[in-house]
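Letter by letter, the chains look like this.
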Amino acid sequence: MSEIDLILLLVAALFAGFVDAVAGGGGLIQVPTLLVALPAEAPATVFGTNKLSSIFGTANAALRYARRIALPWGIALPAAGAAFVFSFGGAAAVAWMPKDIVRPLVLAMLVLVLIYTVARPDFGHVAGARLSAALELKCGMIAGAMLGFYDGFFGPGAGSFMIFAFVHFFRLDFLHASSAAKVVNFATNAAALAYFAPTGHVLWMVGLAMAVFNIVGAVMGSRLALHHGSGFVRGVFIVVAGVLIARLGYDTFS
């Protein structure tokens, strides 16, 4: 790998950490850049290296949110536990389920999510009435299982889907939904590393170098989100969802 490729990866990790800390979708930046910079590597190695870099930024963002706001642990922890387990199932499903079938469905879901969010200007600005503790536990595990499986199997937009689910179904504002999503993202990244690392599908030196820049981006993103609040997170979420739609639309129809 050339020095130019390494610089490209580090810059991508910086921007990915920023975007992921605010609204999810950092993989949209990091994975394509890794594919360009490491054309000789197997896809599994690209994904494993991406997860190594991402887990550090996600953990940093989660800690910063936890220090400044009250994280909805009653939702985040059950969802994270279920996501950790089911992301293994998603990774295993890659072997027998063609992704070409999944991509149009994900594209349609993202379009609906974006339309719903834009059509309701007050959506996610203020938290609504919380569910009961028992219902939060049950729904958190269901949401974590579904999103964890999706992240392990396909991945793009998983963080954004998590934020939308926490706003829509659990009545959180965008800021608290983003903080909860970081906890779940950490669990899915850890599960992915546990799947890829033992088989040698992680470039440790590259991934750790990217992790440093991913953390810097996460610090910047979480600071801005905490300073500007839910309106800022909502705006970045809409932009990220739009970019995801454009990217998946290109991959699906080109």
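Residues numbered from 1 in each chain as written. Predicted model: local features only at pLDDT ≥ 70, side-chain atom pairs only at ≥ 80, totals over all residues. Heavy atoms only, no water.

### Quick word on the overall build of the protein chain
What counts, and what does not: Helix and strand assignments come from DSSP, with helices taken as H or I runs of at least 4 residues and strands as E runs of at least 2, each series counted from the N terminus. With C-alpha atoms as the basis for the radius of gyration, the globule rule is written as 2.2 Å multiplied by the number of residues raised to the power 0.38. We call a residue buried when its accessible area falls under 20% of the maximum for its residue type, exposed when it is over 50%, and partly exposed in between, using a 1.4 Å probe and counting protein chains only. Between two residues, a contact is recorded if the distance between any of their heavy atoms is within 4.5 Å. Each accessible area value is a Shrake-Rupley result obtained with a 1.4 Å probe; residue values ignore everything except the protein chains displayed when judging cover. His is not counted, nor are the chain ends; Lys and Arg add positive charge and Asp and Glu add negative charge. Here the site of a charge means atom NZ of a Lys, CZ of an Arg, CG of an Asp or CD of a Glu.
Looking only at helices and strands, one finds ten helices and zero strands in the protein chain. Listing every helix and strand of the protein chain by position from the N terminus yields α-α-α-α-α-α-α-α-α-α. The C-alpha atoms of the protein chain give a radius of gyration of 17 Å, which matches the 18 Å a tight globule of 254 residues would have. In terms of overall dimensions, the protein chain has a C-alpha envelope of 50 × 40 × 35 Å along the principal axes. Within the protein chain, buried positions represent 52% of all 254 residues. Here the analysis covers contacts within the protein chain between residues at least 6 apart in sequence; of these, 84% occur between residues at least 24 apart. Surface accessibility of the protein chain: about 11,300 Å² in total, with carbon and sulfur atoms responsible for 73%. Once the 14 positive and 10 negative side-chain charges of the protein chain are each reduced to a mean point, those two points are 11 Å apart.

### With respect to the side chain of T58
Mapped onto the secondary structure, T58 falls in helix α3 (residues 43-68). Discounting residues that sit within four places of it in the chain, T58 has contacts with D20, K182, N185, F186, N189 and N214.

### Details of the nonpolar core
How we decide: Note on terminology: a nonpolar core comprises buried Ala, Val, Leu, Ile, Met, Phe, Trp, Tyr and Cys residues joined through side-chain atoms within 4.5 Å.
Judged by nonpolar contacts, the single largest core of 50 residues is most densely connected at Y65 and F166. Counting ten residues, the second largest nonpolar core, distinct from the first, contains V31, A37, L38 and V46.

### Some thoughts on α3
Short version of the rule: Expected helix span is taken as 1.5 Å per residue step, with the number of steps being one fewer than the number of residues. The term bend refers to the angle at a residue between two fitted axes, each drawn through seven residues, those ending there and those starting there.
For α3, which comprises 26 residues, the first-to-last C-alpha distance of 37 Å matches the rise-based estimate of 38 Å (1.5 Å per residue) to within 8%. Residue S54 marks the point of greatest curvature in α3, where the axis turns by about 25 degrees.

### Topic: empty space enclosed by the protein
For clarity, the cut-off: A cavity, in this analysis, means grid points on a 1 Å lattice covering only the protein atoms where a 1.4 Å probe fits yet has no way out; a pocket is instead an open set bounded by protein on both sides within 12 Å along at least five of seven lines, and a residue lines either one if it has an atom within 4 Å of a point. Grid points are joined across faces, edges and corners, and a volume is the space filled by probe spheres set on the points. Throughout, the ten residues Ala, Val, Leu, Ile, Met, Phe, Trp, Tyr, Cys and Pro are labelled nonpolar, Asp, Glu, Lys and Arg are labelled charged, and all others, Gly among them, are labelled polar.
Applying the stated rule across the entire model yields one cavity of 30 Å³ or more. Space inside the largest cavity adds up to approximately 30 Å³. Listing elements by their share of the lining of the largest cavity, those giving two or more residues are α1 (3-23), α3 and α9 (204-228). Class assignment of the residues belonging to the lining of the largest cavity gives a composition of three nonpolar, four polar and one charged.

### Let's talk about the packing of aromatic side chains
Two numbers describe a pair of aromatic rings. These are the distance of the centres and the angle of the planes. For the record, the criterion: To pair, rings of Phe, Tyr and Trp, with the six-membered ring standing in for Trp, must have centres within 6.5 Å; the planes then decide the type, stacked if under 30 degrees apart, edge-to-face if over 60, and tilted in the middle.
Going through the model one piece at a time under the given rule, you end up with six aromatic pairs. Taking the centre distance of 5.3 Å and the plane angle of 50 degrees together, the rings of F174 and F237 count as tilted. With a gap of 63 residues between them, F174 in helix α8 (residues 174-196) and F237 in helix α10 (residues 230-253) connect regions that are remote in the sequence. Here F174 falls in the buried class, since its relative accessible area comes to 0%. Summarising the aromatic geometry, the rings of Y195 and F196 are spaced 5.4 Å apart at their centres and angled 85 degrees between planes, so their arrangement reads as edge-to-face.

### Remarks on the environment of L193
By secondary structure assignment, the location of L193 is in helix α8. A C-alpha to C-alpha distance of 9.5 Å links L193 and N50, two positions 143 residues apart in sequence. Among residues more than four places away in sequence, those in contact with L193 are G48, K51, L52, I55, P198 and V202.

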